[in-house]
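Each chain is listed here by its residues.
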Amino acid sequence: MTTRLTLARPDDWHLHLRDGATLESVVAASARDFHRCLIMPNLVPPVVTSTDAQAYKERILAAVARSGVDSDFTPMMTLYLTESTNPSDVVDAAATGLIQAVKLYPAGATTNSDSGVTSMDRVMPVLEAMAANDIVLCVHGEVTTPEVDIFDREARFIETVLHPLRQRLPELRVTLEHITTADGVQAVRDGDGQVAGSITPHHLMINRNHMLVGGIRPHYYCLPIVKREAHRQALVQAATSGEARFFLGTDSAPHARGAKESACGCAGVFNAPNTLSCVATVFEQAEALDKMEGFVSVHGARWYGHEVSDATITLERREDARSLDPCVALEQDDIQPFDPGVPLYWHVV
Ligand code: DOR
Ligand code: ZN
């Protein structure tokens, strides 16, 4: 049995770090284990221009420096696509290396998505400029039409938004972020190498029964919502397959406990403290530990045009399971890390 794994230092290709006091509280968990993290722009107000992205990047780096974690942590910035985004601002920000991608939130799809896109036609000039300059579009792939059932929103997005977009702009590279269904897996495989899929630790570990049977567990509520078991299995199969277009994006999304344990709770799972232990558990169970490095350290870096990290991280399988991660204190509240509901024997050394 493998009990020790040394991997190129992993990257997280989808992370919410927030801002201000929350940023200060959560950044260490990611900086400890990851080299590059793709930072989501859904702040209030969102990160829309290159000026916003530059300022946010500086706030993140200052918070890392204050956190006391000594690492090569590198925030990779994204811009939040709005219907007034200026194509040349995007192209310039990518050319200087300030931004790595542009994020499409369908308006109303999730936390702080009010400034998102209501119609793809309205952002076509930006998307055309991105295709021409090989800038990746990251998408939150869910329709927001009220008639569409929440469990069908990803599949419907693929059919009604992603496929038409791909026909219109086949050169545009698209990351279908945090895929949650077999349909998402298929869309990546059908993408002629131009579509990648990021997958979260929680979607690899829990299904909708875990969230809803025997009581409602608000800390498992996230968007896109966790689906039925067959979809979880399709995600595990994709992640552990070794295919280059699937990689880790944690979607670690901290919310104060009071905002989660509420009559109308927020979406988001804060998994940054134990991501690698969770992923190793999934890969071990699938007898695919030899494929883990590809998923966490190689495929995403190549997709975004970077060298694989030459630093390493080591995980060790111990007899004693990791204790549950402590809650992260906020001034008036705290944040509960992801509890996968199974023991985690893999520890980051
Ligand atoms: O669960 C989620 N939380 N999904 C998202 O798309 C956004 C995120 C957040 O920002 O809280
Ligand atoms: Zn997210």
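Residues numbered from 1 in each chain as written. Chains lettered and ligands numbered in written order. Predicted model: local features only at pLDDT ≥ 70, side-chain atom pairs only at ≥ 80, totals over all residues. Heavy atoms only, no water.

## Some points on the coordination of the zinc ion (ligand 2)
Taken together, His-14 (NE2), His-16 (NE2) and Asp-251 (OD) make up the full set of protein donors to the zinc ion (ligand 2), lying 2.0 to 2.1 Å away. Counting residues between consecutive donors of the zinc ion (ligand 2) along the chain gives the motif H-x1-H-x234-D. Taken together, the residues span a long stretch of sequence, with His-14 in strand 2 (residues 12-15) and Asp-251 in the loop between strand 9 (246-248) and helix 10 (257-260) at a distance of 237 residues. (Donors = N, O, S within 2.8 Å, 3.2 Å for Na, K, Ca; no water. Helix = DSSP H or I, 4+ residues; strand = E, 2+ residues; numbered from the N terminus.)

## Section: unusual backbone geometry
With an omega of -10°, the peptide bond between Val-44 and Pro-45 qualifies as cis. Mapped onto the secondary structure, Pro-45 falls in the loop between strand 3 (36-39) and helix 2 (50-67). In this structure, Asp-192 is a non-glycine residue whose phi angle is positive, near 55°. Residue position: Asp-192 is located in the loop between helix 6 (182-189) and strand 8 (195-199). Within the chain, Glu-287 stands out as a residue other than glycine whose phi angle is a positive 55°.

## Structural notes on the nonpolar core
Most often, soluble globular proteins have nonpolar side chains that are buried together. One finds Leu-17, Leu-127 and Met-292 to be the most contacted residues of the largest nonpolar core, which totals 93 residues. Beyond its immediate chain neighbours, meaning those up to four positions away, Leu-127 contacts Leu-81, Met-120, Leu-137, Leu-165, Leu-169 and Leu-172. Core analysis: the next-biggest nonpolar cluster, separate from the first, contains 14 residues, Tyr-105, Val-136, Phe-247 and Trp-303 among them. (Core = buried A, V, L, I, M, F, W, Y, C linked by side-chain atoms within 4.5 Å. Buried < 20%, exposed > 50% of the residue type's maximum accessible area, 1.4 Å probe, protein only. Contact = heavy atoms within 4.5 Å.)

## Looking at helix 11 (residues 275-285)
In terms of residue burial, helix 11 counts as a mostly covered element, since nine of its 11 residues are buried. For helix 11, the full list of buried residues reads Thr-275, Leu-276, Ser-277, Cys-278, Val-279, Ala-280, Thr-281, Val-282 and Phe-283. Phi turns positive, to about 55°, at Glu-287, one or two residues after helix 11.

## Things to note about a negative patch on the surface
On the surface, Asp-149, Asp-152, Glu-159 and Asp-183 cluster together to form a negatively charged patch. Its location among the elements puts Asp-152 in the loop between strand 6 (136-139) and helix 5 (153-168). (Patch = residues over 30% accessible without salt bridge, like charges linked within 9 Å, V, L, I, M, F, W, Y side chains within 5 Å. Areas by Shrake-Rupley, 256 points an atom, 1.4 Å probe, with all protein chains shown as cover. Salt bridge = Lys/Arg side-chain N within 4 Å of Asp/Glu carboxyl O. Lys, Arg positive; Asp, Glu negative; His and termini not counted. Charge placed at Lys NZ, Arg CZ, Asp CG, Glu CD.)

## Here we look at helix 5
For helix 5, built from 16 residues, the straight-helix expectation of 22 Å at 1.5 Å per residue is met to within 8% by its first-to-last C-alpha distance of 22 Å. Remark: the principal bend of helix 5, roughly 30°, maps to Glu-159. Listed in full, the buried residues belonging to helix 5 are Arg-153, Glu-154, Phe-157, Ile-158, Val-161, Leu-162, Leu-165 and Arg-166. Looking at the buried positions of helix 5, the neighbouring elements they touch are strand 5 (99-104), helix 4 (124-132), strand 6, strand 7 (174-176), helix 6 and strand 8. (Expected span 1.5 Å × (residues − 1). Bend = angle between axes of the 7 residues up to and from the residue.)

## A word on the site of ligand 1
Taken together, 13 residues form the shell around ligand 1, and within it Arg-18, Asn-42, Leu-223, His-255 and Ala-267 come nearest. Side-chain polar atom of Asn-42 to an oxygen atom of ligand 1: 2.8 Å apart, as the coordinates give it. At a separation of 3.3 Å, an oxygen atom of ligand 1 approaches a polar backbone atom of Gly-268. In isolation ligand 1 offers 290 Å² of accessible surface; the protein chains occlude 100% of this area. Judged by the fraction of its atoms near the pocket grid, ligand 1 is located in the largest cavity. When the residues that make up the shell around ligand 1 are grouped by side-chain class, the tally is four nonpolar, seven polar and two charged. (Near = heavy atom within 4 Å. Polar contact = N/O pair within 3.5 Å; in protein donor to acceptor, adjacent residues only side chain to side chain. 1 Å grid on protein atoms, 1.4 Å probe; cavity = no way out; pocket = protein on both sides within 12 Å on 5 of 7 lines; lining within 4 Å. Sits in = over half its atoms within 2 Å of the grid points. Nonpolar A, V, L, I, M, F, W, Y, C, P; charged D, E, K, R; others polar.)

## Comments concerning the pattern of salt bridges
Applying the stated criterion across every chain, the model contains 18 salt bridges. With a shortest N-O distance of 2.4 Å, Glu-316 and Arg-4 are connected by a salt bridge. Residue Glu-316 is found in strand 10 (residues 312-317), and its partner Arg-4 is found in strand 1 (residues 4-8); the two are separated by 312 residues along the sequence. For Arg-4, a relative accessible area of 48% translates into the label partly exposed. Shared partners join several salt bridges into a network, and the residues in it are Arg-4, Glu-316 and Arg-318.

## Focus: the packing of aromatic side chains
Counted under the stated rule, the structure contains five aromatic pairs. Of the aromatic side chains, those joined through ring pairs into one cluster are Trp-13, Phe-247 and Tyr-304. Positioned above the aromatic ring of Trp-303 is the side chain of Arg-173, whose terminal nitrogen or guanidinium carbon lies 4.6 Å from the ring centre. The ring of Phe-151 has Arg-208 lying over it, and the distance from NZ or CZ to the ring centre is 4.6 Å. (Phe/Tyr/Trp six-rings, centres within 6.5 Å; stacked < 30°, edge-to-face > 60°. Lys NZ or Arg CZ within 6 Å of the ring centre and 35° of its normal.)

By themselves, these figures tell us nothing about what the structure is for.
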